[in-house]
Amino acid sequence: MDTQDLYNLSPALRLMGTGLMLAMAPLAWVWLRNKNQPTARRLRVLTLVTLFLTFDLVLFGAFTRLTDSGLGCPDWPGCYGHASPVGAQQHISAAQTAMPTGPVTHSKAWIEMVHRYLATGVGVLILTLAVFTWRERRVAKRGHAGAERGGHVISPWWPTATLVWVCIQGAFGALTVTMKLFPMIVTLHLLGGLVLLALLQAQAVRYTQAQDASRRVALPAGTWLLLAATFVLLWLQIALGGWVSTNYAVLACSEFPACQSSFWPAMDFREGFTFWRALGAGLDGDNISFQALTAIHYVHRLAAYLVFAALLLLAWQLKRMPAMRSYGLWIGGLALWQFATGLSNVVLGWPLVAAVSHTGGAAALVVVLTGAIFSSRPAQARVGASKLSASTS
């Protein structure tokens, strides 16, 4: 019986060529539409386009995971050693005949490979950002004329860090396949995609501040601390949500606000939060217990109450400040969106649309809160004028 190599790099160049072709459309659009603009403006627009496409990639990654297509091609980076499922039809048909519902079927193979094509295209765009940012930085250092032609370019270390991160993210994508959807690896892969969004959003904000000569908004110390704390809580909640999804624990509680007709159902926290284990495996090597899945689900739900309250409080605080009003409205709206889609997942039996939308809401919150963080700063404590005058009299 033939065995399939987990890593087969023979189609790698063809896969990269596909990614390059996909990236050419947005690259051409950005450069032609802004051909009379400074290079810095073109890089800013390209950063925003890359951010948008990365957001789409995160959504499609969720779709890939939720349709159980993560092993649609059981090797990496190609599909049975081919650059597309077309060349692997014989292998896919044999696997589908053996197991008609998967994990390998023709539709799942295409979903998985389209995800890889999109990821490669985003990687090309991020590589382009890094190369051109370094190039323009060197041009600007040659003289004032070069600086005027190029405009203000952000530090090239930003796109360089993003390029390094997308390479790490690609490695986790490979491990997701070769380690057979190992829950911790899949969760880290999800978090890595959101970190990529945060890095690109930070660069977009930096470009906006540079081009518009705008400064970071000074927030009261308490409000800025609430913003930072909510940002941290959001990441923790996303990690818990990823752990729920990758362990297929969403349906462990199918009612709200109770779970299994109790507000404290039977739970096994030790098994549920043993992170380094195979998909579906428990501590004793058997299948993971229902009590462990319940613990995974319920901890995410309990944390959601705290994060939801923090988001609404932050939205109310920011909405009162004209310079941050749009951030407040977005945060409040997305908090309600997350509540609605999360509740839909529970009471409607985890429908695909609600599940993907819930991931999209989390990704949007990362983008908005990152924007708020990089658009603001804590206000400096100032000595009152009356105290100053009293000291000099």
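Definitions and limits used
Residues numbered from 1 in each chain as written. Predicted model: local features only at pLDDT ≥ 70, side-chain atom pairs only at ≥ 80, totals over all residues. Heavy atoms only, no water. Salt bridge = Lys/Arg side-chain N within 4 Å of Asp/Glu carboxyl O. Buried < 20%, exposed > 50% of the residue type's maximum accessible area, 1.4 Å probe, protein only. Helix = DSSP H or I, 4+ residues; strand = E, 2+ residues; numbered from the N terminus. Core = buried A, V, L, I, M, F, W, Y, C linked by side-chain atoms within 4.5 Å. Contact = heavy atoms within 4.5 Å.

## Re the pattern of salt bridges
Right, on to step 1. Scanning the model with the defined rule gives 2 salt bridges in all.
Right, on to step 2. We note a salt bridge from E136 to R135, for which the minimum N-O separation is 2.6 Å.
Right, on to step 3. Classification of E136 as buried rests on a relative accessible area of 1%.
Right, on to step 4. Classification of R135 by relative accessible area gives partly exposed; the value is 37%.

## Describing unusual backbone geometry
Right, on to step 1. Here the bond from G102 into P103 is cis, since omega is 15°, no more than 30 degrees from zero.
Right, on to step 2. Tracing the backbone through its elements, the reader meets P103 in the loop between α3 (89-98) and α4 (106-142).
Right, on to step 3. Backbone torsion omega between F256 and P257 reads 5°, so that peptide bond is classified as cis.
Right, on to step 4. Here P257 is to be found in the loop between α8 (221-246) and α9 (269-272).
Right, on to step 5. A positive phi angle, close to 55°, is found at Y248, a residue other than glycine.
Right, on to step 6. Here Y248 lies in the loop between α8 and α9.
Right, on to step 7. Relative accessible area serves as the criterion here: at 31%, Y248 is assigned to the partly exposed category.

## Considerations on the nonpolar core
Right, on to step 1. Residues L194, I331 and L369 are the most contacted members of the largest nonpolar core, which totals 52 residues.
Right, on to step 2. When contributions to this core are tallied by element, the ones reaching two or more residues are α1 (12-33), α2 (39-66), α4, α7 (183-211), α8, α10 (290-319), α11 (325-347) and α12 (352-374).
Right, on to step 3. A per-element tally of this core places α12 first, with 11 residues.
Right, on to step 4. Excluding residues that lie within four positions of it along the chain, I331 makes contacts with L311, L314, A315, L318, L365, V368 and L369.
Right, on to step 5. One finds I185, V244, A249 and I296 within the second-largest nonpolar core, a separate group that totals 12 residues.

In short, shape yes, function no, at least from these values alone.
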